[in-house]
Structures are given as structure tokens and as C-alpha cells.
Amino acid sequence: TKKLKIGFSAGGYLAYWASAKVSGQIPNLFNNQSVTTSDGRVINYVNLEAYREVYGFDRFKDNRFEWGANIGSSFAYKIKQKVLVYFQTWYSHSLVDQQKRYMAYQEERLNRTFSFSFGIKKLL
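Trainee: If you had to explain the sheet that holds strand E5 (residues 83-94) to someone new, which residues and values would you point to?
Mentor: Taken in spatial order, the 4 strands of this open sheet run E1-E4-E5-E6, and their pairing is antiparallel. Unpaired on one side and paired on the other, strand E1 (4-16) and strand E6 (112-122) mark the two borders of the sheet. Between one strand axis and the next, the sheet turns by 20° as a mean value, whatever way the strands run. The pairing of strand E4 (residues 65-80) with E5 spans 12 bridges and is classified as antiparallel. Among the inter-strand pairings, Lys80 is bridged to a residue of E5, identified as Val83.

Trainee: Explain the side chain of Ser73 residue by residue, including any values.
Mentor: Secondary-structure assignment places Ser73 in strand E4. Among the polar contacts listed, one links the side chain of Ser73 to the side chain of Thr89, at a separation of 2.9 Å.

The rules behind the values
- By convention here, each chain's residues receive numbers from 1 onward along its written sequence.
- Only residues with pLDDT of at least 70 get local features here, since the model is predicted, and only at 80 or more are side-chain atom pairs given and counted; chain-wide, interface and lining totals rely on the full set of residues.
- Computation of side-chain values: all heavy atoms of the structure, hydrogens and water removed.
- Two strands are counted as paired when DSSP detects at least two bridges linking them.
- Each helix corresponds to a stretch of at least 4 residues labelled H or I by DSSP, and each strand to a stretch of at least 2 residues labelled E; elements are numbered beginning at the N terminus.
- Simply put, an axis is a line fit to the C-alpha atoms, just over the touching stretch for a helix, and the angle between two N-to-C directions goes from 0 to 180 degrees.
- N or O atoms within 3.5 Å of each other form a polar contact, as long as, within protein, one can give a hydrogen and the other can take it, and as long as residues adjacent in sequence are counted only when both atoms are side-chain atoms.

In C-alpha cells form, the structure reads like this:
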């Protein structure tokens with residue numbers, strides 16, 4: 001119609017894993033707290049220590065190049081002459097493993113990504 005636009009798309013992609021950071025929490029056994037209850041029991045609380053560090057790539061394990069397929073759909077509604085409200089979805093599926101084969105019985109680690117967008121487009 002003149003106001004509603006629906007689109008579908010399919011294609012492929014290439015990607016390169018340029019950098020990564022690892023973050024999380026681990027127990028800090030040297031910084032724990034002990035509390036003695038009224039009946040004489042000792043309760044030990046272990047504090048968690050946060051970490052965030054740059055991931056060092058291993059050329060024998062990490063596959064830094066990726067390629068895959070993606071499909072998408074979009075719905076747009078024209079609210080003015082050059083203004084559209086839109087909703088868009090994408091699904092991307094990696095066709096190569098994030099890891100190189102370096103051990104027996106290794107499971108594949110594939111990227112599968114859903115993305116959703118909602119917004120307003122101003123046509124030029």
C-alpha cells in the first residue's frame with residue numbers, strides 16, 4: 001500500500017574477531033568473613049572478586065574469521081511524507097566454528113544472533 005511497506009531480505013556476512021574482553025567474578029578466599037552465631041556455630045562468608053581483562057587470542061585455538069547467512073524482515077508505516085515508523089528483525093547464523101579443531105570430541109561454538117529494531121526513519 002502507499003502507507004505500509006513490508007520487506008524481506010536474505011544474504012551472507014563476513015566477520016573478523018578483532019578484540020575481546022573477559023569479565024566475571026571469582027571467590028576471594030583471602031578476603032572472607034566469619035560470623036559466630038549465638039549457639040556457637042561459625043558461618044563463613046566468601047566474598048566475590050570481580051575481574052575484567054583483555055582476552056589474549058591463541059592462534060592454535062581461536063578462529064578469528066567468520067562467515068554465515070542472515071535473513072530479515074521489516075515493516076514500515078509512513079506517518080508523514082518523508083517520515084516512517086519501522087520494526088525490523090534479523091537472524092544471523094554462523095556457518096563456521098569460533099574454535100579451530102585442536103582436540104577430540106570438541107563441540108562446535110557457533111554464533112546465532114537475533115536482533116530487533118524499532119524506530120523512526122527520516123527520508124532525505
